[in-house]
Structure formats: structure tokens, C-alpha cells
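# Geometric and topological summary
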Amino acid sequence: MAELDELIEHMRKGPQDIRFADACTVANAFFGKPRQKGTSHRVWKMPWAGDPRVNLQEGKGGTAKAYQVQQLLKAIDRLRAEQAQKTDEAMAPAKLPQKPESKRKKRK
């Protein structure tokens, strides 16, 4: 995991200097195998609808395209935030259900 964290830190410092294979390794670690691999693009399925999406394409010199590396970082940040939120919710004390108020009028 330390190697993965080092790759992510390197991606944050310079998204234009990331090897395509390294970007794919990081995407695979967080999002599994790509759903599309046979073309020039590799596309990963996200656990949410919409952006950020992970779509990587090899650029010149074997590097990943910088804007796609930035999208990958946004997706990782969102995934980590959602996982942290679920953990916080799971650790929160359970709330007891409240009794609904009676609709009957009280007698005097």
C-alpha cells in the first residue's frame, strides 16, 4: 500500500509525468479491472453515476494524459470520502426510534 500511496503523491505533484502503466495500476487498485480495454482507452466502472469518471489513454512517450490523471485523483478522493462517511455512520451510536404522537385528543 505504501507504494500505491507514493504513486498517488507523485501523481498529485506532476500529473503530466505519470506513466500510463502506473496510472492503470492505481486505477485497478481502487476500481478493479477496466470494463473496456481493447481500444486506445481504458474505462473503469464507477460506483456512482456521473463525474468524476476514470478513462485513461496513453499519450506520447508512454505517459498518461494529465487531465485524465487529474480525473483519476478526483475519483479516488471521492471514493475515500464516501468510504470515510460510511465508516463514521457505522460507528455512530444507534438512535432509538421515537414514538409517534397520538392523534387522539386528551381527556380532561
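Residues numbered from 1 in each chain as written. Predicted model: local features only at pLDDT ≥ 70, side-chain atom pairs only at ≥ 80, totals over all residues. Heavy atoms only, no water.

Before going further, it helps to spend a moment on helix α2 (residues 20-31). Between the first and last C-alpha of α2 there are 16 Å, a value that for twelve residues agrees with the 16 Å anticipated at 1.5 Å per step. Within α2, the full set of buried residues consists of F20, A23, C24, V26, A27, F30 and F31. Each buried residue of α2 lies within a common arc of 160° when the element is viewed along its axis, so the set occupies one face. In this structure, the buried side of α2 is in contact with α1 (2-13), β1 (41-44), β2 (54-57) and α3 (66-91). Looking one or two residues beyond α2, the residue adopting positive phi is G32, at roughly 80°. (Helix = DSSP H or I, 4+ residues; strand = E, 2+ residues; numbered from the N terminus. Expected span 1.5 Å × (residues − 1). Buried < 20%, exposed > 50% of the residue type's maximum accessible area, 1.4 Å probe, protein only. Arc of directions from axis to C-beta. Contact = heavy atoms within 4.5 Å.)

Per the stated rule, a full pass over the model turns up two aromatic pairs. Between the aromatic rings of F30 and F31, the centroid separation amounts to 6.4 Å while the plane-to-plane angle is 45°, which identifies the pairing as tilted. Classification of F31 as buried rests on a relative accessible area of 12%. For the pair F31 and W48, a centre-to-centre distance of 6.3 Å together with 90° between the ring planes defines the contact as edge-to-face. Within this pair, whereas F31 is found in helix α2, its partner W48 is found in the loop between β1 and β2, the two being separated by 17 residues in sequence. The residues F31 and W48 share a single accessibility class, namely buried. Linked through ring pairs, F30, F31 and W48 together constitute an aromatic cluster. (Phe/Tyr/Trp six-rings, centres within 6.5 Å; stacked < 30°, edge-to-face > 60°.)

As a further point, take the nonpolar core. If you look at the biggest cluster of nonpolar residues, it comprises 24 residues, and the most contacted ones within it are V26, F31 and V54. A total of seven residues in this core trace back to one element, the largest contributor, which is α2. If we skip the residues at most four places from it in the chain, F31 touches W44, K45, M46, P47, W48, V54, L72, A75, I76 and L79. (Core = buried A, V, L, I, M, F, W, Y, C linked by side-chain atoms within 4.5 Å.)

The next thing to look at is the side chain of Q57. Following the sequence through the fold, Q57 ends up in strand β2. One polar contact links Q57 to H41, side chain to side chain, over a distance of 3.2 Å. Those residues in contact with Q57 that lie beyond four places of it in its chain are F20, S40, H41, T63, A64, K65 and Q68. (Polar contact = N/O pair within 3.5 Å; in protein donor to acceptor, adjacent residues only side chain to side chain.)

One pass over the structure, following the stated rule, counts five salt bridges. Notably, a salt bridge pairs D77 with R12, separated by 2.6 Å at the nearest N-O pair. With D77 in helix α3 and R12 in helix α1, this residue pair connects regions lying 65 residues apart in the sequence. (Salt bridge = Lys/Arg side-chain N within 4 Å of Asp/Glu carboxyl O.)

Everything listed is a geometric property; what it means functionally is a separate question.
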